[in-house]
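Residue-level structure breakdown
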Amino acid sequence: MQRTIYLRPTGFLAAQTETDEGQTWGALPLAGGPLAFAAIEIIRRPSHGTGGRGVGRRISGLSDFFERDWGRDTMQASDIIEALRAPRSRLAGLSLDRPRIMGIVNVTPDSFSDGGQLASAQAAIDHGLRLVEEGADILDIGGESTRPGSDAVPVEEELARVLPVLEGLRSRTEARISVDTRKARVMREAAKAGADILNDVSALTHDPEAMEAAAESGLPVILMHAQGDPKTMNDNPVYDDVALDVFDFLERRIDACVEAGIPKARLVVDPGIGFGKHLPHNVAVLASMSLYHGLGVPVLLGASRKKLIGQLCNVENPRERVSGSIAAALSSVAQGVQIVRVHDVAATRQALAVWAAVTAGSENRVPN
């Protein structure tokens, strides 16, 4: 059934805020996390063939929302509300009842921010262990740069970069380890070597065998939206409505994964900041991160040090975009995003600790 309505939760407050009767103040819990939402943005776009134009948007309080006669859209609205409310499954055993930090371990010579910094496996292992000490819950190892304009890396070369680092970290940390790859063979070898999560920027579309490899692995999979191949994806990206188009793509990929035998409980989505998106697209997606909770799976943001921050803040050097990266992370966490993928773990951890204390709103709820 074609989707005609989308619901973006808004009006956030602490999920623990209760009245004396034990009921939330006109709010619903958001995905089992620390936030609740008190209002909904109702987004409609016309069905194909109806002759309608444009996207309609309106904010509704929850009481008005539930009193509304939805007619033929009743099932869609009900399904989305249930997806928004339902607690998320653990990710590789990791609870998602609070924001989690994924630290980036790039073993590539050409990544946009830190390419070539980790020139040896031991340097990458040491870096990963340092990120864990700083507070990373997950380490994401990447052996192929997928920055705009990048070239594909042969599978043997990617394996030679990734596996020694994965094996070295696996024996020395209990942090969850993700492998960032588009290739089925790398997925299979990484699973054998002890990876906990697979992270595919193509949402299992680049390699014809990737879906089968991911299903066979039994591991959670991060599905990212990208329009086109990294080599050309930012040449001329076009969208009808970028936030909704990304939602539709991710929904289709979730359905494809479930059909292929990957349970929805093992899926995570990433709207793909910078992947086939120019500055207005990226800002629109960042402003709509809470929309993606309607997919019923955890949401990841990867905006760390990216070009949009340089464009917004006039900062050319990616390593000088830490403050803007933290702002993007906090903006998304304040919309209920469960995972932030970052270069600067210690700074992000500090920012999240302050955010958590303020959100809790009570000295008795300040995290240890």
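Residues numbered from 1 in each chain as written. Predicted model: local features only at pLDDT ≥ 70, side-chain atom pairs only at ≥ 80, totals over all residues. Heavy atoms only, no water.

**Comments concerning the confidence of the model for the chain**
What counts is decided by this rule: Note on scores: pLDDT gives the predictor's confidence for each residue, bounded by 0 and 100. The contact rule is simple, with two residues in contact once any of their heavy atoms fall within 4.5 Å.
When the pLDDT values of the chain are averaged, the result is 90; 90% of them are 70 or greater. This model gives residues 48-52 a pLDDT under 50, and the stretch forms two contacts once residues within four places in sequence are excluded. Predicted confidence is poor over residues 363-368, with pLDDT under 50, and the contacts of this stretch with residues over four places away or in other chains come to five contacts.

**A closer look at the packing of aromatic side chains**
The way to describe two aromatic rings as a pair is by their centre distance and the angle between their planes. For clarity, the cut-off: Side-chain rings of Phe, Tyr and Trp (the six-membered ring for Trp) are treated as a pair once their centres are within 6.5 Å; stacked means planes under 30 degrees apart, edge-to-face means over 60, and tilted covers the remaining angles. Counted as over-ring charges are cases with an Arg CZ or a Lys NZ within 6 Å of the ring centre that also lie within 35 degrees of the ring normal.
Evaluated as defined, the whole model comprises four aromatic pairs. The structure contains a cluster of three or more aromatic residues connected by ring pairs, namely Tyr6, Phe247 and Tyr292. A cation over a ring is seen here: Arg3 above Tyr6, with NZ or CZ 5.9 Å from the ring centre. A cation sits over an aromatic face here: Arg68 above Trp70, 4.7 Å from the ring centre.

**Observations regarding the pattern of salt bridges**
Our working rule: For this document, the term salt bridge refers to a Lys or Arg side-chain nitrogen within 4 Å of an Asp or Glu carboxyl oxygen. Each helix is a run of DSSP H or I of at least 4 residues and each strand a run of E of at least 2, with the numbering of both proceeding from the N terminus. Three exposure classes are used, based on accessible area relative to the maximum for each residue type with a 1.4 Å probe and protein chains only: buried under 20%, partly exposed in between, and exposed over 50%.
Within this structure, the stated rule accounts for 20 salt bridges. Across the pair Glu144 and Lys183 runs a salt bridge, and its minimum N-O distance is 3.0 Å. Here the residue Glu144 occupies a position in the loop between β6 (138-142) and α4 (155-170), and Lys183 occupies one in the loop between β7 (176-180) and α5 (184-192), the gap between them amounting to 39 residues. Taken individually, Glu144 and Lys183 each receive the classification buried, so the pair is uniform in this respect.

**Description of the sheet that holds strand β11 (residues 300-301)**
Stated formally: At least two DSSP bridges between two strands are required for those strands to pair. Only the stretch in contact is used when a helix axis is fitted, and all axes are lines through C-alpha atoms; the angle between N-to-C directions ranges over 0 to 180 degrees.
Strand order in the open sheet formed by eight strands is β10-β9-β8-β7-β6-β5-β12-β11, and the pairing between neighbours is parallel. Two strands lie at the open edges of the sheet, namely β10 (267-270) and β11, each paired on one side alone. Taken together, the four bridges between strand β5 (residues 100-106) and strand β12 (residues 339-342) define a ladder with parallel strand orientation. From the neighbouring strand, Ile101 faces β12, where its bridge partner is Val340. Here helix α7 (residues 242-259) sits on the sheet and contacts β9 (221-224) and β10; the angle it forms with β9, its principal contact strand, is near 145°.

**What to know about the nonpolar core**
Quick reminder of the rule: Note on terminology: a nonpolar core comprises buried Ala, Val, Leu, Ile, Met, Phe, Trp, Tyr and Cys residues joined through side-chain atoms within 4.5 Å.
With 72 residues, the main nonpolar core has Ile141, Leu166, Leu204 and Tyr292 as its most contacted residues. Ile42, Leu62, Phe65 and Ala77 belong to the second-largest nonpolar core, a separate cluster that totals 15 residues.

**Brief notes about the environment of Thr348**
Residue placement: Thr348 occurs in helix α11 (residues 345-360). On the basis of relative accessibility, which here comes to 3%, the residue Thr348 falls in the buried class. Through-space distance from the C-alpha of Thr348 to that of Glu134 is 9.4 Å; in sequence the pair is 214 residues apart. In contact with Thr348, other than residues within four places in its own chain, are Ile101, Ile326, Val340 and Val342.

**Digging into the pairing of β9**
We apply this condition: The definition of a right-handed crossover adopted here requires that, viewed with the strands pointing away, the path from the first strand over the helix to the second runs clockwise.
Residues Val221 and Leu223 of β9 are buried on one face, and the alternating residues Ile222 and Met224, pointing to the opposite face, are buried as well. Two elements, strand β8 (residues 197-200) and β9, share three bridges in a ladder whose sense is parallel. Each residue of the ladder has a partner; that of Leu198, found in β9, is Val221. Following the chain from β8 across helix α6 (residues 210-217) to the adjacent parallel β9, one finds a crossover that is right-handed. Here β9 runs beside β10; their pairing, made up of four bridges, is parallel. Bridged to Ile222 within β10 is Val268.

**A short note on the side chain of Asp200**
The following threshold applies: His is not counted, nor are the chain ends; Lys and Arg add positive charge and Asp and Glu add negative charge.
Here Asp200 shows up in strand β8. In this structure, Asp200 is buried with no salt-bridge partner, the nearest side chain bearing the opposite charge being Arg182 at 5.9 Å. Beyond its immediate chain neighbours, meaning those up to four positions away, Asp200 contacts Thr181, Arg182, Met187, Thr205, Ala210, Ile222, Leu223 and Met224.

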